[in-house]
Amino acid sequence: LVESMSSSQKTTSTSQSPFEAEQKELEATDNVEKKASEAIQKMKSHLDEISKLMDNIQVNTNSIDDEVLKCEKMVNSAFNEIQSAIDKRKETLINELKKTAKNKKLSLLLQHNELNNKYQESQNKINRHDESIQNNQSNDKISPSPLTSPKA
């Protein structure tokens, strides 16, 4: 770029002295270098901004990961507490069910025994009544009743 500028300036400035031409060439070179330096500075500034953005993105990514882990722990903790409560409730219900079944069995056994006793009592009464009837009938056959004595 400097060479092309200097050759074009040489052709246009034939009326200038070689010193002036060189001076202008140096000024042009300085101007180009200055603009290049400014461009490089701007690029470095943009690169610094991009680097800061990349750092911020990394920080945000790490922050998101940390938040996910924190929330995951909270969810696991909540579900563990729920599961524990469900297990305790299940155990309580099973114990209540077993207790109720035991009480019902006991009640049925008592009813069975009571009915068995009444059955036995009734059976005994029937047997005594039958024996009594049979004894009366056999007594009637053995000895005549005074009311029905034979006449001579």
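None of these values were measured; they are calculated from a predicted model.

A.B. asks: Explain the overall build of the chain here, please?
C.D. replies: When helices and strands are tallied, the chain shows 2 helices and 0 strands. Residues counted as buried form 4% of the 152 residues belonging to the chain. Counting only carbon and sulfur atoms, one obtains 57% of the accessible surface of the chain, whose full area is about 14,200 Å².

A.B. asks: What exactly am I supposed to notice about the pattern of salt bridges here?
C.D. replies: When charged atoms on two side chains of opposite charge get close, those side chains can pair. One pass over the structure, following the stated rule, counts 1 salt bridge. Note that Glu114 and Lys118 form a salt bridge whose closest N and O atoms lie 3.6 Å from each other. Highlighted residues: Glu114 and Lys118, both in helix α2 (residues 18-142), separated by 4 residues, approximately one helical turn. The exposure class of Glu114 is partly exposed, given its relative accessible area of 47%.

A.B. asks: Is there a simple way to explain a nonpolar patch on the surface in this structure?
C.D. replies: Residues Val75, Phe79, Ile82 and Ile86 make up a contiguous nonpolar surface patch of about 390 Å² in total accessible area. Locating Ile82 in the fold gives a position in helix α2.

A.B. asks: Can you walk me through the confidence of the model for the chain in this structure?
C.D. replies: Caution applies to low-pLDDT regions: their predicted coordinates should not be interpreted in detail. Mean pLDDT for the chain: 85, with 82% of residues reaching 70 or above. Long-range and interchain partners of residues 1-13, a stretch whose pLDDT sits below 50, account for 10 contacts in this model, where long-range means more than four residues apart.

Procedures and definitions
- Residues numbered from 1 in each chain as written.
- Predicted model: local features only at pLDDT ≥ 70, side-chain atom pairs only at ≥ 80, totals over all residues.
- Heavy atoms only, no water.
- Helix = DSSP H or I, 4+ residues; strand = E, 2+ residues; numbered from the N terminus.
- Buried < 20%, exposed > 50% of the residue type's maximum accessible area, 1.4 Å probe, protein only.
- Areas by Shrake-Rupley, 256 points an atom, 1.4 Å probe, with all protein chains shown as cover.
- Salt bridge = Lys/Arg side-chain N within 4 Å of Asp/Glu carboxyl O.
- Patch = residues over 30% accessible without salt bridge, like charges linked within 9 Å, V, L, I, M, F, W, Y side chains within 5 Å.
- pLDDT = per-residue confidence, 0-100.
- Contact = heavy atoms within 4.5 Å.

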